[in-house]
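Single-letter residue listing:
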Amino acid sequence: MNLCMLGLCLALSARPAPPRDKWVAEDKWKHFFTSFVATSLAASAARATGLSPQGSALVGAGAGGAAGVWKELHDRTDPKGDPSFKDLVWDAAGVGAGAFVAT
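Given the structure is predicted, the values throughout are model-derived calculations rather than measurements. (Residues numbered from 1 in each chain as written. Predicted model: local features only at pLDDT ≥ 70, side-chain atom pairs only at ≥ 80, totals over all residues. Heavy atoms only, no water.)

A few points about the environment of alanine 57
- Following the sequence through the fold, alanine 57 ends up in helix α3 (residues 53–77).
- Judged by relative accessible area, alanine 57 falls into the buried class, the value being 8%.
- Separated by 14 residues in the primary sequence, alanine 57 and alanine 43 have C-alpha atoms spaced 5.3 Å apart. (Helix = DSSP H or I, 4+ residues; strand = E, 2+ residues; numbered from the N terminus. Buried < 20%, exposed > 50% of the residue type's maximum accessible area, 1.4 Å probe, protein only.)

So this is what it looks like as structure tokens:
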């Protein structure tokens, strides 16, 4: 009986494994679209100031990339954060798509 109680206590107190960082998940789509929007808005603002399409795309890519890197650095210092290389890959894809649309 005591062995059963010990097993039950251990089973109830066990922590679940942290979720795996998948390549395709809702979080990754958020990274893509946030980077896409940040890149597009920055490129549009740069274009409105008179920059060439290529120059405005570079400004947009810099702003979108900086936002993605900042988010991952913030996740690294936040106790609840979870920095991820896969998030950075999706950020880069969003920046690339935003820069492509901006030119």
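Some thoughts on the packing of helix α2 (residues 26–48) against helix α4 (residues 85–102)
- Between α2 and α4, whose axes approach to 7 Å, the crossing angle comes to 35 degrees. Viewed along their axes, α2 and α4 form a crossing whose handedness is right-handed. Here α2 contributes Asp27, Lys28, Trp29, His31, Phe32, Ser35, Phe36, Thr39, Ser40 and Ala43 to the contact with α4, which in turn contributes Lys86, Asp87, Trp90, Asp91, Ala93, Gly94, Val95, Ala97, Gly98, Ala99, Val101 and Ala102. (Axes fitted to C-alpha atoms, helices over the stretch in contact; angles between N-to-C directions. Left-handed = near helix turned anticlockwise from the far one by under 90°. Contact = heavy atoms within 4.5 Å.)

Quick look at α2
- The end-to-end C-alpha separation of α2 is 33 Å, in line with the 33 Å expected for 23 residues at 1.5 Å each.
- Taken together, the buried positions of α2 are Lys28, His31, Phe32, Ser35, Thr39, Ser40, Ala42, Ala43 and Ala46.
- Residues of α2 that are buried make contact with α3 and α4.
- Positive phi shows up at glycine 50, right after α2, with a value of about 110 degrees. (Expected span 1.5 Å × (residues − 1).)

Let's talk about the pattern of salt bridges
- Counted under the stated rule, the structure contains five salt bridges.
- A salt bridge links lysine 28 to aspartate 27; the nearest nitrogen and oxygen atoms lie 3.4 Å apart.
- Connected through shared salt-bridge partners, Asp21, Asp27, Lys28 and Asp87 make up one network. (Salt bridge = Lys/Arg side-chain N within 4 Å of Asp/Glu carboxyl O.)

Brief notes about α4
- Across its 18 residues, α4 extends 26 Å between first and last C-alpha, which sits within 8% of the 26 Å expected from 1.5 Å per residue.
- Every buried residue of α4 is listed here: Lys86, Asp87, Trp90, Asp91, Gly94, Val95, Gly98 and Ala99.
- Where α4 begins, the capping side chain belongs to serine 84, and its oxygen is found 3.1 Å from the backbone nitrogen of lysine 86. (Polar contact = N/O pair within 3.5 Å; in protein donor to acceptor, adjacent residues only side chain to side chain.)

Function cannot be inferred from these measures alone, as they are strictly geometric.
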